[in-house]
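As a plain string of letters, each chain reads:
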Amino acid sequence: MIKGNQLYEGKAKVVYETDNPDELLVYFKDDATAGNGAKHGTIDGKGVINNKISAFFFKQLKDRGVKSHFIETVSAREMLVKKLDMIKLEIIVRNIVAGSLVKRLGLPEGTPLAVPVIEYDYKSDELGDPMLNRWHIMALNLATIDEMNQIEHMSLATNTIMRGILKAKNVDLIDFKLEFGRFNGEVLLADEISPDNCRFWDTETHEKLDKDRFRQDLGGVEEAYQEILNRLTM
Ligand code: ADP
Ligand code: TMP
């Protein structure tokens, strides 16, 4: 595989072309943002850890029937993935009330939800990623009903699989954000699965082991990311 031109630089990753038009190289940065870019910072070693955690989850999901863009880990900060036609949605799955849901529902952080809740956000930095429902998604031609059904099925399967893996490591999966894309007519899971886009709490102490430590200036950010990697892989 030969690394080609830079295709895109985002807030957390850089995407490169390769000599294969169907494959991309994703480079994980240490940069961190919060509040739609309002807060900027660096989390030392985050790129290396998120590359490892994402590869771990994509492999586990593949073994259990959830297909993703992941092909292989290439270096400490790089993974090779299938080049997808990205669906401009962020799919959020919630098990426990936290983050923006605290205000929206007026419930205390930590309140369990009776069933997992799926939300759609429009992936648009200019608009601040507004929440959409299925009707907006159809009206804007972002995805078909069949694609939304596949996305919801794969998101709930991902939730069940991740919760099981994490539970055995004494970690509760509070909520997370996924992205999907199309490859030869098939919907595949994409982007990353890491403490940047998941909320992980220690089951006993409820200590936050994710990006909320950065968002809320709680300290111990690097240590929390490393702790999740250690629990998953050691
Ligand atoms: P953002 O764009 O939100 O700042 P990142 O810094 O994480 O995010 O950049 C990674 C970009 O690559 C995102 O826009 C994401 O949608 C996109 N992406 C992720 N996986 C793939 C893929 N397999 N094919 C094409 N694009 C992808
Ligand atoms: P929220 O409570 O702020 O809406 O976030 C829900 C989950 O989605 C949480 O795990 C963080 C993740 N998330 C992202 O990864 N990117 C985003 O842009 C947003 C809004 C949330």
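*Asks:* I'd like to hear about the pattern of salt bridges, residue by residue, with values.
*Replies:* If you walk through the whole model with that rule in mind, you get 27 salt bridges. Ionic pairing is found between Asp217 and Lys39, a salt bridge with its closest N-O pair at 2.6 Å. Of this pair, Asp217 sits in the loop between helix H5 (212-215) and helix H6 (221-233) while Lys39 sits in strand E5 (residues 39-42), placing them 178 residues apart in sequence. The exposed category is assigned to Asp217, whose relative accessible area is 62%. A relative accessible area of 23% means that Lys39 is categorised as partly exposed.

*Asks:* An account of the packing of helix H1 (residues 46-63) against helix H4 (residues 145-167) is needed here, citing residue identities and associated values.
*Replies:* Where H1 contacts H4, the two axes come as close as 10 Å, and the packing angle between them is 115°. Like other packed secondary-structure pairs, H1 and H4 cross with a definite hand, here right-handed. Within the contact between the two elements, H1 uses Phe56, Phe57, Gln60 and Leu61 and H4 uses Thr158, Ile161, Met162, Ile165 and Leu166. Split into classes, the residues belonging to the contact of H1 with H4 amount to seven nonpolar, two polar and no charged.

*Asks:* Give me the site of ligand 1: which residues, what numbers.
*Replies:* As a structural note, the neighbourhood of ligand 1 is formed by 17 residues, with Tyr8, Lys11, Ala12, Lys13 and Glu179 the closest of them. One of the backbone nitrogen or oxygen atoms of Lys11 is found 2.7 Å away from an oxygen atom of ligand 1. The separation between a nitrogen atom of ligand 1 and a polar main-chain atom of Asp191 is 3.3 Å. In the complex, the protein chains occlude 89% of the 550 Å² of accessible area that ligand 1 would expose alone. Put simply, the parts of the chain that give the shell around ligand 1 at least two residues each are strand E2 (13-18) and strand E7 (78-82).

*Asks:* Describe in detail the layout of surface pockets, supporting the description with residues and values.
*Replies:* Of the volumes computed, that of the second largest pocket is approximately 170 Å³. What lines the second largest pocket is Phe58, Lys62, Gly65, Val66, Lys67, Ser68, Phe70, Lys82, Phe183, Glu186 and Leu188. Listing elements by their share of the lining of the second largest pocket, those giving two or more residues are H1 and strand E14 (186-189). In the lining of the second largest pocket, the residues fall into five nonpolar, two polar and four charged.

*Asks:* Please provide a residue-by-residue account of the sheet that holds E7, values included.
*Replies:* Strand order in the open sheet formed by five strands is E1-E2-E3-E7-E6, and the pairing between neighbours is antiparallel. Across the chains shown, the open sheet's two edge strands, defined by having one partner strand only, are strand E1 (3-9) and strand E6 (70-75). The sheet shows a mean angle of 30° between the axes of neighbouring strands, taken without regard to direction. Here four bridges tie E1 to E2, and the two strands are oriented antiparallel to one another. By the bridge assignment for E2, Gln6 is matched with Tyr16. Lying on the sheet, H1 is in contact with strand E3 (23-28), E6 and E7; it crosses E6 at an angle near 150°.

*Asks:* Any details on the site of ligand 2? Residues and values, ideally.
*Replies:* Close to ligand 2 lie 15 residues; Arg94, Ser100, Asp175, Asn197 and Arg199 are nearest. Arg94 places a side-chain nitrogen or oxygen 2.8 Å from an oxygen atom of ligand 2. A distance of 2.6 Å is found between an oxygen atom of ligand 2 and a side-chain nitrogen or oxygen belonging to Ser100. Coverage of ligand 2 by the protein amounts to 78% of the 450 Å² it exposes when considered alone. When grouped by side-chain class, the residues that make up the shell around ligand 2 number four nonpolar, three polar and eight charged.

*Asks:* Please give an account of the packing of aromatic side chains that cites residues and values.
*Replies:* Scanning the model with the defined rule gives two aromatic pairs in all. Each ring, one from Phe56 and one from Phe57, has its centre 5.4 Å from the other, and the planes form 70°; the classification is edge-to-face. As far as the burial class goes, Phe56 and Phe57 line up, both buried. Seen in terms of ring centroids, Phe58 and Phe70 are 6.1 Å apart; in terms of plane orientation they differ by 20°. Their pairing is stacked. In this pair, Phe58 is assigned in helix H1 and Phe70 in strand E6, connecting sequence segments twelve residues apart. An identical accessibility class is assigned to Phe58 and Phe70; each is buried. Taking NZ or CZ as reference, Lys3 lies 4.3 Å from the ring centre of Tyr16, over its face.

Rules of the game
Residues numbered from 1 in each chain as written. Chains lettered and ligands numbered in written order. Predicted model: local features only at pLDDT ≥ 70, side-chain atom pairs only at ≥ 80, totals over all residues. Heavy atoms only, no water. Salt bridge = Lys/Arg side-chain N within 4 Å of Asp/Glu carboxyl O. Helix = DSSP H or I, 4+ residues; strand = E, 2+ residues; numbered from the N terminus. Buried < 20%, exposed > 50% of the residue type's maximum accessible area, 1.4 Å probe, protein only. Axes fitted to C-alpha atoms, helices over the stretch in contact; angles between N-to-C directions. Left-handed = near helix turned anticlockwise from the far one by under 90°. Contact = heavy atoms within 4.5 Å. Nonpolar A, V, L, I, M, F, W, Y, C, P; charged D, E, K, R; others polar. Near = heavy atom within 4 Å. Polar contact = N/O pair within 3.5 Å; in protein donor to acceptor, adjacent residues only side chain to side chain. Areas by Shrake-Rupley, 256 points an atom, 1.4 Å probe, with all protein chains shown as cover. 1 Å grid on protein atoms, 1.4 Å probe; cavity = no way out; pocket = protein on both sides within 12 Å on 5 of 7 lines; lining within 4 Å. Points joined across faces, edges and corners; volume = space filled by probe spheres on them. Pairing = 2+ DSSP bridges. Phe/Tyr/Trp six-rings, centres within 6.5 Å; stacked < 30°, edge-to-face > 60°. Lys NZ or Arg CZ within 6 Å of the ring centre and 35° of its normal.

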